[in-house]
Each structure stands twice: as structure tokens, then as C-alpha cells.
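Architecture and fold: a report
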Amino acid sequence: MLNTHWFSVVIKDLRSFVKALEDRRDLIRINEPLSVDLEVAALLRELMYRGGPAVIIERTREGTLPIIGNLFGKWDRVMLAMEGNDPETMASKLTDLVNLRIPPQGLFDALKSLNELRRFSQYFPRSVNDGPVREVEWSTIDLTKIPAIRQWAHEPGRFVTFGITFVKYGNYRNFGYYRLQVIGRDRFVMHWQPWRRSAMYGELSGRAEVAVVFGPDPVTMLMAGVSIPHPLDKLLVTGVLRGGEGVELVRGGSTVDVEYPANAELVIEGELTGEYVREGPFGDHVGVYSIAKEYPVVRVKAIYSRRDPIIPVTVTGKPVLEDGNIIRFGTRVVKPLLKLILPELVDLEIPPEGLGYVIIASIRKRYPGHARRVMATLWGLVPVLGKVVIVVDHDVDIRDWGGQVMYAVAAHVNPSRDMLVIDNYPVEELDPSTSIPNLGSKVGIDATRKLPEEYGGREYPMDVTAPGDVIDRVRRIVNSIMGKSRN
């Protein structure tokens, strides 16, 4: 049960989030120096696995900036970042924006649409001239001061794990998490896979410029881990999630033409050099080392920060870690958007243990092949997610994985009829199950009850049910028995 009085605080940036966590005794500080080589990662993983507090590591053996970690290791902290607002409820406001009647039908609709557009304008990002992230311009570019970590023994160097890369292409922009391998004081390797929206923008723009941001407000941090398809502006979605407060953006200094959050802790401005070098292997969220492969090099042109910045760090390994709650958050955000495309969608679950590779969807089934259409739509929107998609009927509790979902698979799936396998389809490069990077297969499992057209022209067997009045009566008797037995 969440403590609702926790959410009376207003979370404007990472600093206010840290204060709120400290007020709730859900953050500790460690003054004993730890090494960014293996030790920091091991500590953060152990805290996450045990459901421990957020932590500030004030000193490292290597003399880097202070570290904050395990920010979202518990769902309570995600909800605190949201000030107690349910992500799905907040994201559903986007459907109102999409459904505005444009062009309006008559004067009344025109006035109504104008008023609604004014109301929605509060969600859009706003440009400002300056912000805390630009308090200090570093006189010397030195990435060794950033707490990049080596988290597993066979990694070749230090990686930035929680920096948010902002990139633009024309009037479009995007931001997300891409690991960065530091290869010099002013160079790092950008691991953005080819299917990523940011990679597409970078390639299309020719001379790509990026801004890697650390520690904006926590909602923006959470949204950086959510896949939003082109051309929807992820910053608009972030403004909606922030309760109608658009993200304040400052334009890059004299080095890059990229806007980024003005309230962040630190920003690295850089440009892709056109070089490609070997990156990895990296111990990834699947719990194995990902392949080493060539990725683009970024040369750092400037670093700006607050006067005393604190740098978020996250870790990977076998689930469930901090990214499990980011997946849970993202599922709730995208569900209202998916329902615009698939109004038959009742519920959607991406279990954190499934790493985004397993998706369960419940639908109101209306016609033969309906489940397959849902599978195809989900694969089309985010090609690399949902290696396994299970579609069930509307009355199945998709969070009851071991009960209702497994029953639906066991009772309703005839493998030769109900399993759709697609080969040579884009997959995530980090998926160790395929021998060809970025290319693999998908399987869709239709665990719905079958319509006559899908069942040889016959009616599907009827579910066994007991009359409602009988159930009510026996439950009263059983409740009485169980109450007495506990006494």
C-alpha cells in the first residue's frame, strides 16, 4: 500500500527528488570511497536485488564526481517521482489531444478546439535562455571525471550507463539511454542500435550533434527509457506526465544545435566524427556479455554543469534490477497510446523478468485472425520488442502469469494452428538467443478462445461455470469456516 501523504511534495528536478527521498529516509549516503571499477556496480546491484534505498556515493577512489544510484529500484520511488499520479492515467490525456476535432465543424467546435489547444499548450516544452545546467563551463574537457563504471570483469573499459542522449533531425528530436564507452578524455563510443529512433535521426542528419544529459527531473529520466514511435514528440509526452508542466529546454552552447533540459546536473555536448571503433563486450541486462562491434565515435566539444553536480548511475545484470521498474512505467505510459491504434486492446503487460522480450495482451476478440492482427501491430510499432507475444481474451488477468495466463495457453493453444512464427525479423542486438546480430525471429501465441471460423466451423467448448447465487451462498459459508479455523 502506497503512503499517499508522501506525494504532497512537488518534484521539479533531481535535487528536489533527492530531498524528498531523504525526508522519507529512503536514501543513504556513503562517504567511504568506492572504485568505479567493479565495486560501485556490485554495491548498486546488491541494493536493487534486496529492495534497498537509493544511495549517494560521495567519493570514488578515482576522484570522479559523486554518484547517485538505485533511484528507481522500488516502485514507490517511481510513484514519488510522479507525485503520486498514475502514469497510465496521466498518459491518457494524450488521447484527448489526438482526438481534437481539426478541422472543426462549425463555430462552436472551432471555439472549443481553440480552448482545448490553449489548455494543451502547457504540455509542450519551453525554450529558456539559461538554466542550472549551464552554471559552469568546464575549462578542461576530461571524461575521467564523469563516473563511468566497469561493472563486469570482462568489459574492456568504463561505460556511462545513465546518460540521456538528446539528438535532433530537422524539426524532430528524441532522447533515450544509450551506453557510452569512454575511450579518451574527450571521446566516447555511442552504442545506439540501428533500429533506434535516435540512430535514424543521427544518420539522416548527416553531421549529427548530440547532448548527453545527466540528472534532469526524474520523470524525464523515466521517459528516456520509454520507446515512443516517430514522429510523436517524447518531450510532449513527458510534459503530460509531469502534470502539465512542459520541460524547460536550453539550447546548446556555442558547440551544438541541440536543446536539452535546463534543470539537469551536467551535459556533454559533442558531435559524431564519422569514425567507427570496436565497442564492448558489455555485461548487459540479459545477464550475459553482448557482442563487441563497431559503433560511432563522438568527440566532446564542451561540458557544462551545476557547481556541485551529482551523476546518476545504473547497472545491468540478470533481472529484476532498476530497469524492471522503468519497463513497468513505460508499459503504463504507452498503453493509452496503443489503445488509439488498437481500441480492442483491454490490457497490456510487459513483465520485468521478460526484459521487453515477452508481451502479454488481452483483447476483446471480434473476428477470425484478430489475435494475429494485434501481434503484427505490436511488432510493427516497436520491431525489436516482443520476441514472444501472447494474446488472451479480455477476461484474463494478464498479471496472473502463473495462473490465468498459463491456463489460457494450456487450454486454448493448438500449436500448429495458434503459433505464428516470423523469421528474419529485426530483433534487439542484445538478445543472445540469435546468432546474427539484429536479426532473428518472433513467435505469437494465440491463447484466445476460438471462434467457429477458427475451429472447423464448430462452436468452441463452453466454459464451466456455477450459478451466481450458488457461488454467493457457498462463499459466505466458506468465509465463515475459514474465519473459525483461523481462530
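Residues numbered from 1 in each chain as written. Predicted model: local features only at pLDDT ≥ 70, side-chain atom pairs only at ≥ 80, totals over all residues. Heavy atoms only, no water.

A word on the pairing of strand 18 (residues 358-363)
Most of strand 18 is tucked away, with six of its six residues classed as buried. Burial along strand 18 is two-sided: the face carrying V358, I360 and S362 and the face carrying I359, A361 and I363 are both buried. In this structure, strand 17 (residues 345-349) lies alongside strand 18, joined through four bridges in antiparallel fashion. Among the inter-strand pairings, E349 is bridged to a residue of strand 18, identified as I360. (Buried < 20%, exposed > 50% of the residue type's maximum accessible area, 1.4 Å probe, protein only. Helix = DSSP H or I, 4+ residues; strand = E, 2+ residues; numbered from the N terminus. Pairing = 2+ DSSP bridges.)

Concerning helix 9 (residues 234-241)
For helix 9, the buried fraction is high: eight of the eight residues fall into the buried class. Taken together, the buried positions of helix 9 are K234, L235, L236, V237, T238, G239, V240 and L241. Of the residues flanking the start of helix 9, the one acting as N-cap is D233, its side-chain oxygen 2.9 Å from the backbone nitrogen of L235. In the stretch just after helix 9, G243 is the one whose phi turns positive, near 80°. (Polar contact = N/O pair within 3.5 Å; in protein donor to acceptor, adjacent residues only side chain to side chain.)

Topic: the pattern of salt bridges
Scanning all chains against the criterion turns up 41 salt bridges. Ionic pairing is found between R251 and D257, a salt bridge with its closest N-O pair at 2.4 Å. Residue classification places R251 among the partly exposed residues on the basis of a relative accessible area of 41%. Among the ionic contacts, a cluster of salt bridges with common partners joins K168, R173, D233, R251, D257 and E259. (Salt bridge = Lys/Arg side-chain N within 4 Å of Asp/Glu carboxyl O.)

A look at the pairing of strand 9 (residues 180-184)
Working note: regular strand, side chains alternate between the two faces of the sheet. Of the pairings in the sheet, the one linking strand 6 (residues 159-160) to strand 9 comprises two bridges and is antiparallel in character. Note on strand 9: the bridge partner recorded for V160 is L180. Direction of pairing for strand 9 relative to strand 10 (residues 187-190): antiparallel, over a ladder of four bridges. Bridged to V182 within strand 10 is F188. Hairpin connection between strand 9 and strand 10: a loop of two residues separates the two successive antiparallel strands.

So, the sheet that holds strand 19 (residues 388-393)
Here we have five strands laid out as an open sheet, ordered 17-18-19-21-20, and mixed in their pairing. Each having just a single partner strand, strand 17 and strand 20 (419-426) make up the two edges of the open sheet. If you compare each strand with its neighbour and ignore which way they point, the axes differ by 20° on average. Here strand 19 runs beside strand 21 (residues 439-446); their pairing, made up of four bridges, is parallel. Within the sheet, the bridge partner assigned to V389 lies in strand 21 and is G444. (Axes fitted to C-alpha atoms, helices over the stretch in contact; angles between N-to-C directions.)

Some words on the sheet that holds strand 12 (residues 248-251)
One open sheet holds the three strands; their spatial order is 4-12-13, and the pairing between them is mixed. On the outer flanks of this sheet lie strand 4 (126-128) and strand 13 (259-261), each paired with one strand and no other. When strand polarity is set aside, the average angle formed by the axes of neighbouring strands in this sheet is 45°. Sheet topology note: the strand 12/strand 13 ladder contains three bridges and is antiparallel. Within strand 13, the position partnered with L249 by the bridge is P261.

So, unusual backbone geometry
Residue P281 is reached from G280 by a cis peptide bond, and omega for that bond is 0°. Positionally, P281 belongs in the loop between strand 14 (266-279) and strand 15 (293-305). A cis amide bond, omega 10°, links P319 with the succeeding residue V320. Within the secondary structure, V320 sits in the loop between strand 16 (311-313) and helix 10 (322-341). Even without glycine at this site, N70 takes up a positive phi of about 60°. Position of N70 among the secondary structure elements: in the loop between strand 3 (67-69) and helix 3 (75-81).

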